[in-house]
Amino acid sequence: MFTLNTPRPMAKSLRVLSAVLGYPDAQLRGHLPEMRELLRTEHALSGSRLSELDALMDMLWRAEALEVEADYVELFDRGRGTSLHLFEHVHGDSRERGPAMIDLGQTYEKAGLSLAEGELPDYLPAVLEFVSTQPAREARAFLGETAHILNAIFGALRHRESPYASVLGALLELAGEKAQAVKPPADEPLDESWAEPVAFDGCSSKGQAKPGQPQPVHIMRRNNATQGATS
């Protein structure tokens, strides 16, 4: 007789991984021993992944609070490659991102979930909270659909030698996917890409000429209505 390969329960592990990816304030760090125990009792992850997560939690537990918090901001809030907003890796700043956000938010609403104030639907910890409410088979399938994004973040974190890569590796393992540390493309920090250009340092759009360099001239023909109004 053949038996179906039923995915192991993973809801507790998903919630722990969601929490570990959050801002490492005192409250989160205070729950680390409990999180560690939940991961071990559910048996959803391999021993090697659990060891990697143990190392991350040890680092968060032992390090100075201000240092841990500053490192977190530098890692996740100031680089596109390590951003925890999934649609940043798919849509960037394009118009497609808005409708995708709406669709994902409606998915949460149908499941009876609501986002915290100011939280975006594509924020990975929020996504994992939603996935943790689904049956194991559906949860694994959902994670599998995002595997290419998870691998991109995993590669960027490994490139920075960050222990947070263990969390992405664990998520890929839960999805039944192989974690592949693909070297990320070079990108500028988000702070720089959003920064305003220096005042009077050429035109307001990045990439246009500065003073002393040739400036493109665009000649536009005025229509008759305009000519009449200005004559």
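Computed from a predicted structure; not experimentally measured. (Residues numbered from 1 in each chain as written. Predicted model: local features only at pLDDT ≥ 70, side-chain atom pairs only at ≥ 80, totals over all residues. Heavy atoms only, no water.)

Focus on helix α5 (residues 65–76)
Here comes step 1: In this model α5 runs 17 Å from its N-terminal to its C-terminal C-alpha over 12 residues, within 8% of the 16 Å that 1.5 Å per residue would give.
Here comes step 2: Listed as buried for α5 are Val68, Glu69, Tyr72, Leu75 and Phe76. Across the axial projection of α5, the buried residues extend over an arc of 130 degrees, all falling on one side.
Here comes step 3: In this fold, the buried residues of α5 make contact with α2 (26–30), α4 (47–62) and α10 (147–159). (Helix = DSSP H or I, 4+ residues; strand = E, 2+ residues; numbered from the N terminus. Expected span 1.5 Å × (residues − 1). Buried < 20%, exposed > 50% of the residue type's maximum accessible area, 1.4 Å probe, protein only. Arc of directions from axis to C-beta. Contact = heavy atoms within 4.5 Å.)

Brief notes about helix α11 (residues 165–174)
Here comes step 1: For α11, the buried fraction is high: nine of the 10 residues fall into the buried class.
Here comes step 2: Those residues of α11 that fall on the buried side of the exposure criterion are Ala165, Ser166, Val167, Leu168, Gly169, Ala170, Leu171, Leu172 and Leu174.
Here comes step 3: Tucked into the core, α11 has its buried residues touching α1 (11–20), α4, α8 (124–131), α9 (136–145) and α10.
Here comes step 4: Gly176, located one to two residues past α11, shows a positive phi value of around 75 degrees.

Here's the deal with the environment of Ser132
Here comes step 1: On the secondary structure map, Ser132 appears in the loop between α8 and α9.
Here comes step 2: Look at Ser132 and you get buried, because its relative accessible area is 4%.
Here comes step 3: Sequence separation between Ser132 and Arg15 is 117 residues, and the spatial gap between their C-alpha atoms is 6.4 Å.
Here comes step 4: Looking at Ser132, its side chain comes within polar contact range of the side chain of Arg15, at 3.2 Å. (Polar contact = N/O pair within 3.5 Å; in protein donor to acceptor, adjacent residues only side chain to side chain.)

With respect to the nonpolar core
Here comes step 1: If you look at the biggest cluster of nonpolar residues, it comprises 52 residues, and the most contacted ones within it are Leu14, Leu21, Leu124, Tyr164 and Leu168.
Here comes step 2: Sorting elements by how many residues they give to this core places α11 first, with seven residues.
Here comes step 3: Ignoring anything within four residues of it in the chain, the contact list for Leu168 reads Leu21, Leu124, Leu150, Ile153, Phe154 and Leu157. (Core = buried A, V, L, I, M, F, W, Y, C linked by side-chain atoms within 4.5 Å.)

Section: the environment of Arg140
Here comes step 1: Mapping Arg140 onto the fold places it in helix α9.
Here comes step 2: Its relative accessible area of 33% is what places Arg140 among the partly exposed residues.
Here comes step 3: It is 9.3 Å that separates the C-alpha atoms of Arg140 and Leu171, two residues lying 31 residues apart in sequence.

Here we look at the packing of aromatic side chains
Here comes step 1: This model, assessed by the stated rule, comprises six aromatic pairs.
Here comes step 2: Ring geometry for Phe130 against Phe142: centres 5.6 Å apart, planes inclined by 70 degrees, an arrangement best described as edge-to-face. Taken together, the residues Phe130 in helix α8 and Phe142 in helix α9 connect sequence positions 12 residues apart.
Here comes step 3: Through a chain of ring-to-ring contacts, the aromatic side chains of Tyr23, Tyr72, Phe76 and Tyr164 assemble into a single cluster. (Phe/Tyr/Trp six-rings, centres within 6.5 Å; stacked < 30°, edge-to-face > 60°.)

Details of the confidence of the model for the protein chain
Regions with low pLDDT should not have their predicted coordinates read in detail.
Here comes step 1: Counting all residues, the mean pLDDT for the protein chain is 80, and 73% of those residues have values of 70 or more.
Here comes step 2: Below a pLDDT of 50 lies the segment residues 1–5, which in the model reaches one contact outside its immediate sequence neighbourhood of four places, other chains included.
Here comes step 3: With pLDDT under 50 throughout, residues 193–231 is counted as low confidence; its partners more than four residues away or in other chains account for 20 contacts. (pLDDT = per-residue confidence, 0-100.)

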